[in-house]
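Chains, contacts and geometry: an overview
Take a look at the letters that make up each chain.
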Amino acid sequence: VGLGANLGRPVRQLRQALTQISAWPQLQGLRVSSFYRTPPWGLAGQPDFINAVAELDTDWAPDRLLTELQRIEAEGGRVRLGERWGPRTLDLDILHVEGVCRSDPDLTLPHPRIAERAFVLLPLSELTPELELPGQGKVRTLLAAVDTSGCQRLEAAEPD
């Protein structure tokens, strides 16, 4: 799961989302990358984002996981106004589900733009650099092909 925010108090919002995810009774394991400050992607003129990736193990189907992530987004103040790649209080994206490839209006797996996004590949490479994303390649190879300038790993004690 990719996490991002650039409005309000992004570090706090990501931490709160992770706290909510970690409380799921269906969760068997959770690993979280470092947090990164990254420049906006796709739409300039907005604040930098704070991004991270969480690897989790759950019995939920992708649709149920999506529903739960969107609930957390809404509780975190996310309002979907149709503006693509715009500023947001919280963004939670399913990036990859082991053994699942699909493309439909609600969910495409693996996420179709992982290979273009340093803000996803940097934290994802901390957790699973050898992960093979179907149709895209290994995370470490994809990371080597993107521009990571402007991306900064935050220290654990970074303020909210």
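Description of the structure in this document. Note that the coordinates shown come from a computational prediction; the quantities given were computed from them, not determined experimentally.

Bringing the overall build of the protein chain into the picture now. Regarding its fold elements, the protein chain presents 4 helices and 10 strands. Across the protein chain, helices and strands are ordered from the amino to the carboxyl terminus as β-α-β-β-β-α-β-β-β-α-β-β-α-β. Taking 160 residues into account, the globule formula puts the C-alpha radius of gyration at 15 Å, and the protein chain, at 15 Å, falls close to it. Overall size of the protein chain, expressed as C-alpha extent along the three principal axes, is 35 × 35 × 35 Å. Counting contacts in the protein chain only where the partners sit at least 6 residues apart, residues at least 24 apart contribute 65% of the total.

Attention now moves to helix α1 (residues 10-22). In a regular helix each residue adds 1.5 Å, so 13 residues correspond to 18 Å; α1 covers 18 Å between its end C-alpha atoms and thus fits that length. In this structure, the buried residues of α1 make contact with β1 (2-5), β2 (27-32), β4 (49-58), α2 (62-75) and β5 (91-93).

Analysis parameters
- Residues numbered from 1 in each chain as written.
- Predicted model: local features only at pLDDT ≥ 70, side-chain atom pairs only at ≥ 80, totals over all residues.
- Heavy atoms only, no water.
- Helix = DSSP H or I, 4+ residues; strand = E, 2+ residues; numbered from the N terminus.
- Rg over C-alpha atoms; globule rule 2.2 N^0.38 Å.
- Contact = heavy atoms within 4.5 Å.
- Expected span 1.5 Å × (residues − 1).

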